[in-house]
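Results of the structural survey
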Amino acid sequence: MYTTELGKTGPTPNEREDPALVAAFEARVAADEFIEPKDWMPEAYRKTLVRQISQHAHSEIVGMLPEGNWLTRAPSLRRKTILFAKIQDEAGHGLYLYCAAETLGTSRQEMIEALHSGKAKYSTIFNYPTLTWADMGAIGWLVDGAAIMNQVPLQRTSYGPYARAMVRVCKEESFHQRQGYEIMMAMMAGTAKQQAMAQDALNRWWWPSLMMFGPPDDNSPNTERSMRWRIKRDTNDDLRQKFVDATVPQAELIGLKVPDDDLVWNEAKAGYDFGAIEWDEFYAVVRGEGAVAKERLLARRKAWDDGAWVREAADAHEAKRQARQAA
Ligand code: BYC
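What counts, and at which threshold
Residues numbered from 1 in each chain as written. Predicted model: local features only at pLDDT ≥ 70, side-chain atom pairs only at ≥ 80, totals over all residues. Heavy atoms only, no water. Helix = DSSP H or I, 4+ residues; strand = E, 2+ residues; numbered from the N terminus. Rg over C-alpha atoms; globule rule 2.2 N^0.38 Å. Buried < 20%, exposed > 50% of the residue type's maximum accessible area, 1.4 Å probe, protein only. Contact = heavy atoms within 4.5 Å. Areas by Shrake-Rupley, 256 points an atom, 1.4 Å probe, with all protein chains shown as cover. Near = heavy atom within 4 Å. Polar contact = N/O pair within 3.5 Å; in protein donor to acceptor, adjacent residues only side chain to side chain. 1 Å grid on protein atoms, 1.4 Å probe; cavity = no way out; pocket = protein on both sides within 12 Å on 5 of 7 lines; lining within 4 Å. Points joined across faces, edges and corners; volume = space filled by probe spheres on them. Nonpolar A, V, L, I, M, F, W, Y, C, P; charged D, E, K, R; others polar. Core = buried A, V, L, I, M, F, W, Y, C linked by side-chain atoms within 4.5 Å. Salt bridge = Lys/Arg side-chain N within 4 Å of Asp/Glu carboxyl O. Lys, Arg positive; Asp, Glu negative; His and termini not counted. Axes fitted to C-alpha atoms, helices over the stretch in contact; angles between N-to-C directions. Parallel < 35°, antiparallel > 145°, perpendicular 65-115°, else oblique. Disulfide = S-S within 2.5 Å.

Turning our eyes to something else, we now look at the overall build of the protein. Tallying secondary structure elements over the protein gives 13 helices and 4 strands in all. For the protein, whose C-alpha radius of gyration is 21 Å, the value lies close to the compact-globule estimate of 20 Å for 327 residues. Here the C-alpha coordinates of the protein stretch approximately 70 × 50 × 30 Å along the principal axes. The buried share of the protein, taken over its 327 residues, is 49%. Put simply, of all contacts in the protein between residues at least 6 apart along the chain, 76% involve residues at least 24 apart. Here the protein displays about 16300 Å² of accessible surface, and carbon together with sulfur accounts for 57% of that area.

Right, let's get into the site of the ligand. Neighbouring the ligand are 33 residues; Q55, K121, S220, K232 and N236 lie closest to it. In the model, an oxygen atom of the ligand is placed 3.3 Å from a nitrogen or oxygen of the P221 main chain. Here an oxygen atom of the ligand sits 2.9 Å away from a polar atom, N or O, in the side chain of N222. When the ligand sits alone it has 1000 Å² of accessible area, and the protein chains cover 89% of it.

Attention shifts here to empty space enclosed by the protein. Overall, the coordinates contain 2 cavities of 30 Å³ or more when judged by the stated rule. Volume-wise, the second largest cavity comes out at about 40 Å³. Taken together, R79, I82, L83, W133, Q179, E182 and I183 make up the full set of residues lining the second largest cavity. For the lining of the second largest cavity, the secondary structure elements donating two or more residues are helix 4 (77-102) and helix 7 (160-188). Considering only residue class, the lining of the second largest cavity consists of 4 nonpolar, 1 polar and 2 charged.

Right, let's get into the environment of A192. With respect to the helices, strands and loops of the structure, A192 is situated in helix 8 (residues 192-211). Separated by 172 residues in the primary sequence, A192 and A20 place their C-alpha atoms 67 Å from one another.

This paragraph deals with the nonpolar core. One finds Y45, I53, Y159, W205, W206 and L256 to be the most contacted residues of the largest nonpolar core, which totals 73 residues. For this core, the element with the most residues is helix 6 (residues 134-154), which contributes 9 residues. When sequence neighbours within four positions are dropped, the list of residues in contact with W205 reads I125, Y128, P129, T130, D135, A138, I139, L142 and V143.

Here we come to the pattern of salt bridges. Under the criterion given, the structure shown has 22 salt bridges. D135 is paired through a salt bridge with R204; the nearest N and O atoms lie 2.7 Å apart. Of this pair, D135 sits in helix 6 while R204 sits in helix 8; the two residues are 69 residues apart in sequence, bridging distant segments of the chain. The exposure class of D135 is buried, given its relative accessible area of 0%. The residue D261 makes a salt bridge to K257 at a minimum N-O spacing of 3.9 Å.

Mapped onto the elements of the fold, E60 is located in helix 2 (residues 43-62). Comment: no salt bridge for buried E60; closest opposite-charge side chain is K86, at 7.4 Å. Residues contacting E60, with those up to four places away along its chain left out, are E90, H93, G94, L97, Q151, V169 and E173.

It is worth spelling out the packing of helix 5 (residues 108-116) against helix 12 (residues 293-306) at this point. Put simply, helix 5 and helix 12 touch, their axes get as near as 10 Å, and they point 140 degrees apart. Compared by their axis directions, helix 5 and helix 12 come out oblique. Within the contact between the two elements, helix 5 uses Q109, I112, L115 and H116 and helix 12 uses L297, R300, R301 and W304. The residue makeup of the contact of helix 5 with helix 12, split by class, is 4 nonpolar, 2 polar and 2 charged.

This paragraph deals with the state of the cysteines. Across all of its chains, the model carries 0 disulfides by this definition. Not engaged in a disulfide, the cysteine C99 finds its nearest cysteine sulfur in C170; these two sulfurs lie 17 Å apart. Exposure remark for C170: the relative accessible area of 8% places this residue in the buried category.

This next bit is on the packing of helix 4 against helix 5. Geometrically, a packed helix pair is captured by the angle between its two axes and the distance between the axes. Viewed as axis vectors pointing N to C, helix 4 and helix 5 meet at an angle of 120 degrees, and their least axial separation amounts to 9 Å. For the pair helix 4 and helix 5, contact is made by L95, Y98, C99, A101 and E102 and by R108, M111, I112 and L115, respectively. Classifying every residue of the contact of helix 4 with helix 5 gives 7 nonpolar, no polar and 2 charged.

Structure (structure tokens):
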């Protein structure tokens, strides 16, 4: 058994990867059984999950910042309450996901330190600035829309705690997507200035949203193994295609134009052909060169430091409780 710094235990990381154990594990995965925390698993499976789940958790937490930027400037009380609820949901998603990752033998402390030091990744999308209120519509519609496309299949991911976290997350994400689209609908039914703001937001968020699905399959080092182990249930390109096919008609319905001159319906594949993605931009943002990347990490570190007294108070309370119990 291993023990984390918080005293949690789990199955021994597999020193020698007994072929019989590996074969039994692969057979269970192939039979669509969930793998649970105390089950034997290859070390690389555990590591891949810790990487993906913790990055996912970080994305939810950092993802609160771009929308938090507009909370005090929401155009009405109704919009403000809805946005507030959505941002709180994202915090909840981050917490379920950190808990799911902890079952794999990593600790919250380790994950947070990796985020704050810049070692851990989070979704590229949150390194773009939110310039107008229409960006709240575009984020809900496109970013949460892309997230749902990616996360619905993850409800069937092979690791039980991750799959179960996704069930709840997906229910909330679908509300998020609708609230974003509803903002866009309202703006497109408004003045010429509001319509221009909505179009401008789509222009800025469209391509970064397509990048959220990750690099193309032929340049995605993790996809093949993650698909075999059923951590991922679809490839990056397949999900991106589904997203484009679902979203373009939504844009057209309310009079928005997707900013892609090469976008054309392809009858043979029953899907859209779309223009080339600027992968250089994606990799630059992954490397930490996004427009507001520094600002995002500073904000997270500040929130952590400002919250130190809460953690200290909780520790002191727990120590007192234990002392009382011992007495
Ligand atoms: N951003 O081999 P690949 C949300 C990295 S939050 C940054 O294809 P994989 C929301 C990738 O990590 C939604 N990095 O990797 C919250 C890998 O580097 P490492 C977040 C990216 O893991 C608040 C390298 O590129 N969703 O919805 O097989 C408000 C090669 O990629 C990105 C999730 O996290 C990226 N976009 O596939 C609103 C979903 N893409 O780690 C909304 C769960 C790739 O080897 N995650 N990289 O150094 C996944 O499904 C998969 O991890 C990915 C990438 C599809 C993202």
